[in-house]
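Chain and residue survey
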Amino acid sequence: EGANGIVMDIKTGNGAFMAEQKQAEDLGRSIIRTAKAFKKKATVLITDMNQPLGNYVGNSLEIIESIMTLRGEGPKDLTDISIELAAQMVFLGGKAKTLPEARKKCWAALNSGAALKCFRDLVTSQGGDGSLIDHPEKLPVAKTKTVVKALKSGYVHSFKTKEIGMRLIDLKGGRKKSSDKLDLSVGFIFNCEIGDKVKKGDPLLTIYHHKSQQKIANKIKNDFLNSIITIKASKVQRPKLIKRVLK
């Protein structure tokens, strides 16, 4: 596409294609070598995928969260990584002399509404409905909700992130084969992340599904409580979001 600089976000963790950090770093170095061979600049961020990034999982839900983030109302982890990736691109593109200056420019674009306007322009220029950027509530979201509540008090220790994606497929929010029809309205909204202290009865997440899918939602609820989310009595360190930057 004619880009002179490339910034890559390579995920690592139990929800990523590159589960081990060394694998992710090897891939990153390979990409950088390839870029340099074509006289292109490249930076690779190795980022954590041992839990969902942001709080929303699902097609419409993730677009809604993206719009929230561009409004300055998004979750901290998604906002931070978006700013860092954008800043690396601004710096690589020569629009800032230093990374701190690039980050400042990105925060300014976010806070002024310029980033949201850019997204709206991108959508409309490709034939999309720009009004949805201003009214994301028009996006399809399943009406039936099943809340998953903690069975005990403690600290959130881990997520089986890949299994979260598989449970989304169970709701038809993802494909098992290319011919499967996607349901854009289903998904999950999480209320917790690794390191959070929760009490028995606290809502861990909400499943958004159709009334006809209640049996599936109940099974998914049990999966989250019995295996996907682990809660223990001991405190646990929050994972580092950006594990390494390669250049």
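Here's a quick rundown of the structure.

Rules used throughout
- Residues numbered from 1 in each chain as written.
- Predicted model: local features only at pLDDT ≥ 70, side-chain atom pairs only at ≥ 80, totals over all residues.
- Heavy atoms only, no water.
- Pairing = 2+ DSSP bridges.
- Helix = DSSP H or I, 4+ residues; strand = E, 2+ residues; numbered from the N terminus.
- Phe/Tyr/Trp six-rings, centres within 6.5 Å; stacked < 30°, edge-to-face > 60°.
- Buried < 20%, exposed > 50% of the residue type's maximum accessible area, 1.4 Å probe, protein only.
- Polar contact = N/O pair within 3.5 Å; in protein donor to acceptor, adjacent residues only side chain to side chain.
- Contact = heavy atoms within 4.5 Å.
- 1 Å grid on protein atoms, 1.4 Å probe; cavity = no way out; pocket = protein on both sides within 12 Å on 5 of 7 lines; lining within 4 Å.
- Points joined across faces, edges and corners; volume = space filled by probe spheres on them.
- Nonpolar A, V, L, I, M, F, W, Y, C, P; charged D, E, K, R; others polar.
- Expected span 1.5 Å × (residues − 1).

1. Some remarks on the sheet that holds strand β9 (residues 229-232)
The strand order across the open sheet formed by three strands is β7-β5-β9, and the pairing between neighbours is antiparallel. The open sheet terminates on both sides in strands that have one partner only, identified here as β7 (197-198) and β9. By the bridge criterion, four bridges tie strand β5 (residues 154-159) to β9 in an arrangement that is antiparallel. In the sheet register, V156 faces β9, and the bridge partner there is I231.

2. A look at the packing of aromatic side chains
Under the defined criterion, the tally for this structure stands at four aromatic pairs. Pairing F188 with F190 gives two aromatic rings, centres 6.3 Å apart and planes at 65 degrees, and the pair type is edge-to-face. For the pair F188 and F190, one class covers both residues: buried.

3. What about the pairing of β5?
Taking burial as the measure, the six residues of β5 include five buried ones, the bulk of the element. For β5 and β7, the ladder comprises two bridges, and the chain directions are antiparallel. What sits directly across from G154, in β7, is V198.

4. A look at the side chain of Q51
Mapping Q51 onto the fold places it in the loop between β2 (41-48) and β3 (56-57). Within the structure, the side chain of Q51 is placed 2.8 Å from the backbone nitrogen of I194, a separation counted as a polar contact. The residues touching Q51, leaving out its near neighbours within four places in the chain, are F159, T161, E193, I194 and P239.

5. Side note on empty space enclosed by the protein
Applying the stated criterion across every chain yields a total of one cavity of 30 Å³ or more. Empty space within the largest cavity amounts to approximately 60 Å³. Of the residues contributing to the lining of the largest cavity, the split by class is four nonpolar, three polar and two charged.

6. Remarks on the environment of K243
Relative to the helices and strands, K243 resides in strand β10 (residues 242-246). Residue K243 is classed as partly exposed on the basis of its relative accessible area, which comes to 26%. Considering only alpha carbons, one finds K243 and L225, 18 residues apart in sequence, at a separation of 28 Å.

7. Brief notes about helix α3 (residues 76-92)
For α3, with 17 residues, the first-to-last C-alpha span of 24 Å sits near the 24 Å given by 1.5 Å per residue. Of the residues making up α3, those classed as buried are D77, L78, T79, I81, I83, E84, L85, A87, Q88 and L92. The inward-facing, buried residues of α3 contact β1 (5-12), β2, α2 (59-70), α4 (99-112) and β10. Taken from the residues just after α3, G94 is the one with a positive phi, measuring 80 degrees.

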